[in-house]
Amino acid sequence: MTDIKLPPLRRRDLIAGGLALGAAQVAGPFVRTARAADTVKIGLDNPVTGTYAAPGKNELDGVKYAIELINAQGGILGRQVELIAEDSTSGDAGTAVQKANKLIDRDKVNFLLGNVNSALAAAMAGVSSQKGVLHVVPGGHADAITGANCHWNVFRVCNTTQMEANAVAKTLATKYGKKWYYITPDYLFGHALQAGMQNANKALGGETLGADLTPLGTTDFSANLIKAQAANPDVLVLLVQGDDMINCLKQAVQFGLDKKLHIAGSQQEMEALEGIPPEARIGTWVMEWYWNQPGVPHVADFVAAIKKRTGRVPTARHWFGFVSAWTCYFGAEGAKSLEAVKMAKALQGFKLPPEVALMPDGAFYRAGQNQLIGDLYVGTAQGQGSAPDDFFKVSSVEKGVDLAGTVEQSGCKMTWPT
Amino acid sequence: MSVKRDFAVGLFVWAALLTMPFWMPAIGGYTGLATRVVVMGLGAMALNLLLGYTGALSFGHATFFGLGAYGAAMTIRYLVPSTPLALLAGIAVAAAAGAAIGAMIVRRRGVYFAMSTIAFGQIFYFVAFRWSSVTGGDDGLTGWTRAPLSLGPLTLDIRGSETAFYYFALALFAAGVGAMAWILSTPFGRTLVAIRENERRARFLGLSIERHLWLSFVISSTLMGLAGGLYALLNNFVDPRTLRYDQSGEFVIMAVMGGMRSFWGPLLGAFIFVVVQDVVSSHTENWMSVIGLVFILVVLFFPRGLLGLLGRRAPA
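Here the structure is a predicted model, which is why all the values come from computation and not from measurement.

1. A look at the overall build of chain A
For chain A, the count of helices and strands is 16 helices and 14 strands. By the compact-globule yardstick of 22 Å for 418 residues, chain A fits well, its C-alpha radius of gyration being 24 Å. Projected onto its principal axes, the C-alpha positions of chain A cover 80 × 75 × 40 Å.

Structure below.
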């Protein structure tokens, strides 16, 4: 009897294979650095995996579209623009910081963009301000980024949580009543949203009947909804986001709560409404940008262009990314330079042209705070509107300047490098 | 293993470390990544004192890494903007926690020991996560930076220059690793190996196993605290993830991948882990699969780790 002999798997072969694989992995960056010498580089450090993958990818699409337009008209200061995108993950600030360092130190980007998650955006702002790189935050909402922790080099496109709360609070208090009950996600962003709503309601003479904190990723809201119903508020304020919002809204409708009290919240996003069945698309919310704006110039072109690229209508996230990339352009062209301080100075009080602002009253970066101030759209979610993707009925367009308070109130004390 | 071979490997490692900022760009890296390798390498080697030399598997060593990081960060943020004091505070906090936790778990063995380390680690993770007014919670602790180092009349600008910070971290790495090498060469160090090889026999020889294990745990936590402090200073940032069990797992992966029976193995493991993560994650979101694949291949084909490979060819 003879043994069956298999061809031996030799260690040497394995090592050689491993080395080849390793070499293939590092070959990429060489190519990129070689052709990148004469371009202007924008580094995007944003989530494409995890909870915020959908908004992150939409922002990426917006950035890409803007860069295409910028390059078609000759680039920034006559140089073509190159985008370098890194996955920051949805919640790991350490990774976001590492990627920001990588983009700045190795890729030598002229601009840093990101992040969807405000915690990650704040952490990245620490890196960018220390290294003096112009940084645009497309969609991280925590107030401190352009408030108590503001930096001369950090600009933000999306609104603060307080602005969103102020926008919807007046409508809710006057139309539906001042006794509110909250269902809030139990982490910092949720706490900030609730505090913002409570402040706004208090200013109008309202009161809080109760508030339930729910862990991120809650699927069963029945206990909270029963408790809320028993408290008998005028308005049930839902501050949960993403999948939690979808579950909570669905269950509220199944319980028939929408017939007994008014359901509302501050921030609502198209990404969430797209995931909700038509009958559960209810309630009063704030959108930071909406695609269906009849009569506002250039909006239709933008919608058509994004629809052609992605097959769907643009969301606020597309617009955030779009404006962020254009902000780099306006900073550099205004300063006639790629020096961060000069660009940041050029952007103080800068008013976006209508083809970028895409809002009835336009939008500008408020000097001394670097916060973009435009319009906010208050309205109600709807099962089906005039067009296939029309899930939101805008009832009023609120001007950001009326909602933002003063620079002093924001808590931002900006210091410039000497 | 021959003395000559040890010397050659050591020489090669130090030459590579001293020149790392210069050759790192050639493999797609940057100076900050080199610093990360050194810091993570120190962490993995600190864990290996316990894992490889004493034979106790801790799955919660990120506790001490994170405590070192928070200790350093909070010192600068709330007390005094001094880099040396921050590091000392981080080390002290980690050592104290190591002493307290170690005393409670040294009687456990095997999986019970490992589970206890995870449990204690998670306590600190949730404290950091929930106590947001002090630790910054999930958002992390921002609003501080490492301070330049003043050495009498000279000032070393470790804040502005990444290269200066690299050599600062490397100097502390050398101090930590040197101390570890010295400890391992003493009778105490040999006793640790004896415990690893045959605990019952060591006990019959009259050695106090628990005390040795405890001391090993404390030394390992202390060095971990140093690594954590450096990590916080590297990022100018710290968040609860540095304390979490998956961070602990990463250190174990580094140690096992590089070779936990060899002195420098964990450093090699850290190098591969950090560089592969950085390079591959730029190309694909599934970088963890690549690390996982490498890890499985190593465990299947080189159970003594990548550096164990070298040792095997040495004359017996």
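Anyway, onward from the coordinates.
2. Quick notes on the overall build of chain B
Helix and strand content of chain B: 14 helices and 2 strands. Its C-alpha radius of gyration of 19 Å places chain B within 12% of the 20 Å reference for a compact globule of 316 residues. The dimensions of chain B, computed from C-alpha atoms along their principal axes, are 55 × 45 × 45 Å. With 316 residues in all, chain B has 51% of them scored as buried.

3. Re the packing of helix H4 (residues 83-105) of chain B against helix H10 (residues 209-235) of chain B
Residue and element names in this part refer to chain B. Put simply, H4 and H10 touch, their axes get as near as 7 Å, and they point 145 degrees apart. In this structure, H4 crosses over H10, and the sense of that crossing is right-handed. Counted by class, the contact of H4 with H10 contains 15 nonpolar, 9 polar and no charged residues.

4. Describing the sheet that holds strand S7 (residues 207-214) of chain A
All names here are of chain A. An order of S7-S6-S8-S9-S10-S13-S14 is seen for the 7 strands of this open sheet, with the pairing classed as mixed. Because the sheet does not close on itself, it has two edges, and the strands there are S7 and strand S14 (392-399). Averaged over neighbouring strand pairs, the angle between their axes works out to 25 degrees when direction is ignored. Two elements, strand S9 (residues 262-267) and strand S10 (residues 284-287), share 2 bridges in a ladder whose sense is parallel. Across the sheet, residue Gln267 finds its bridge partner in S10, namely Val286. Strands strand S8 (235-238), S9, S10, strand S13 (375-381) and S14 of the sheet are contacted by helix H5 (residues 161-175), whose axis makes an angle of about 145 degrees with S10.

5. So, the pairing of S13 of chain A
All names here are of chain A. Most of S13 sits out of view: 6 of its 7 residues are buried. Summarising the sheet, S10 and S13 pair through 4 bridges and their orientation is antiparallel. Within the sheet, the bridge partner assigned to Trp285 lies in S13 and is Gly379. Summarising the sheet, S13 and S14 pair through 7 bridges and their orientation is antiparallel. By the bridge assignment, Thr380 is partnered in S14 with Lys393.

6. A word on the domain arrangement of chain A
All names here are of chain A. Along its sequence, chain A is organised into domain 1 (36-159 + 296-373) and domain 2 (162-287). Placing the centre of domain 1 and that of domain 2 at their C-alpha centroids yields a distance of 30 Å. On the side of domain 2, 11 residues touch domain 1, which itself brings 12 residues to the contact. When residues of the side of domain 1 that touches domain 2 are traced back to their parent elements, those giving at least two are helix H2 (53-72), helix H4 (118-131) and helix H12 (316-335).

7. Considering the packing of helix H3 (residues 62-79) of chain B against helix H5 (residues 110-130) of chain B
Between two packed helices, both the angle of their axes relative to each other and the distance between the axes serve to describe the pair. All names here are of chain B. Two elements in contact, H3 and H5, have axes separated by 9 Å at closest approach and are oriented at 30 degrees. As summarised for this structure, H3 and H5 are arranged roughly parallel, according to the angle between their axes. Read as a crossing pair, H3 and H5 show a hand that is left-handed. For the pair H3 and H5, the contacting residues are Ala62, Thr63, Gly66, Leu67 and Tyr70 in the first and Phe120, Gly121, Phe124 and Ala128 in the second. Split into classes, the residues belonging to the contact of H3 with H5 amount to 6 nonpolar, 3 polar and no charged.

8. What to know about H10 of chain B
Its 27 residues give H10 of chain B an end-to-end C-alpha distance of 39 Å, which sits within 8% of 39 Å, the value for a rise of 1.5 Å per residue. With its phi angle positive at about 50 degrees, Asn236 of chain B sits one or two positions after the end of H10 of chain B.

9. Observations concerning unusual backbone geometry
Residue and element names in this part refer to chain A. Non-glycine residue Leu77 carries a positive phi angle of around 50 degrees. Secondary-structure assignment places Leu77 in the loop between H2 and strand S2 (81-87). Phi is positive for Asn232, close to 55 degrees, though the residue is something other than glycine. Turning to its location among the elements, Asn232 is positioned in the loop between helix H7 (222-231) and S8.

10. Points about H2 of chain A
Residues and elements named next belong to chain A. The first and last C-alpha atoms of H2 sit 28 Å apart over 20 residues, in line with the 28 Å expected at 1.5 Å per residue. Burial analysis of H2 places 14 of its 20 residues in the buried class, the great majority of the element. Once H2 ends, the next one or two residues include Gly74, with phi positive near 110 degrees.

11. Details of the environment of Cys150 of chain A
All names here are of chain A. With respect to the helices and strands, the residue Cys150 is situated in the loop between strand S4 (134-137) and strand S5 (154-156). When the 26 C-beta atoms within 10 Å are taken as the criterion, Cys150 is described as buried. Not counting residues within four places of it along the chain, the set of residues in contact with Cys150 comprises Gln369, Asn370, Cys412 and Met414.

12. Here we look at the pairing of strand S1 (residues 40-46) of chain A
All names here are of chain A. Where burial is concerned, most of S1 is hidden: 7 out of the 7 residues are buried. On S1, burial covers both faces: Val40, Ile42, Leu44 and Asn46 on one face and Lys41, Gly43 and Asp45 on the other are all buried. In this structure, S1 lies alongside S2, joined through 7 bridges in parallel fashion. Note that in S2 the partner of Lys41 across the bridge is Glu82. Traced from S1 through H2 to S2, the parallel crossover comes out right-handed.

13. A few points about the confidence of the model for chain A
Averaged over every residue, the pLDDT of chain A is 88; the share at 70 or more is 91%. Ignoring residues within four places in sequence, the model shows residues 25-36 of chain A, a span with pLDDT below 50, making 9 contacts including any to other chains.

14. A closer look at the nonpolar core
One broad rule of soluble globular proteins: the nonpolar side chains tend to lie buried together. Met124, Val237 and Leu238 of chain A together with Leu42, Ala73 and Ala227 of chain B are the most contacted members of the largest nonpolar core, which has 222 residues in total. With 15 residues, helix H2 (residues 31-54) of chain B is the single largest residue contributor to this core. Here this core gathers at least three residues from each of two domains, domain 1 (36-159 + 296-373) and domain 2 (162-287) of chain A. In contact with Ala227 of chain B, other than residues within four places in its own chain, are Val39, Leu42, Gly43, Ala46, Phe65 and Gly68 of chain B.

15. Remarks on the environment of Gly50 of chain A
Residues and elements named next belong to chain A. Along the chain, the position of Gly50 falls in the loop between S1 and H2. Measuring from C-alpha to C-alpha, the distance between Gly50 and Ala223 comes to 27 Å, with 173 residues separating the pair along the chain. Those residues in contact with Gly50 that sit more than four places away from it in its chain are Thr89, Ser90 and Gly91.

16. Details of the confidence of the model for chain B
Residues shown with low pLDDT carry predicted positions that ought not to be read at fine detail. With 97% of its residues at a pLDDT of 70 or more, chain B shows a mean pLDDT of 87. Overall fold confidence (pTM) sits at 0.80, and the ipTM for the predicted complex is 0.74.

17. So, the environment of Pro185 of chain A
All names here are of chain A. Within the secondary structure, Pro185 is located in strand S6 (residues 179-185). Put simply, Pro185 and Met245 are 60 residues apart on the chain and 9.7 Å apart in space, counted from C-alpha to C-alpha. Non-local contacts of Pro185, meaning those with residues more than four positions away in its chain, are made with Gly190, Thr214, Leu216, Leu239, Val240, Gln241 and Asp244.

Thresholds, definitions, all that
Residues numbered from 1 in each chain as written. Chains lettered and ligands numbered in written order. Predicted model: local features only at pLDDT ≥ 70, side-chain atom pairs only at ≥ 80, totals over all residues. Helix = DSSP H or I, 4+ residues; strand = E, 2+ residues; numbered from the N terminus. Rg over C-alpha atoms; globule rule 2.2 N^0.38 Å. Buried ≥ 20, exposed ≤ 12 C-beta atoms within 10 Å, placed from the backbone. Axes fitted to C-alpha atoms, helices over the stretch in contact; angles between N-to-C directions. Left-handed = near helix turned anticlockwise from the far one by under 90°. Nonpolar A, V, L, I, M, F, W, Y, C, P; charged D, E, K, R; others polar. Pairing = 2+ DSSP bridges. Contact = placed C-beta atoms within 7 Å. Domains from an automatic or database assignment. Parallel < 35°, antiparallel > 145°, perpendicular 65-115°, else oblique. Expected span 1.5 Å × (residues − 1). Right-handed = clockwise from strand over helix to strand, strands pointing away. pLDDT = per-residue confidence, 0-100. Core = buried A, V, L, I, M, F, W, Y, C linked by C-beta atoms within 7 Å.

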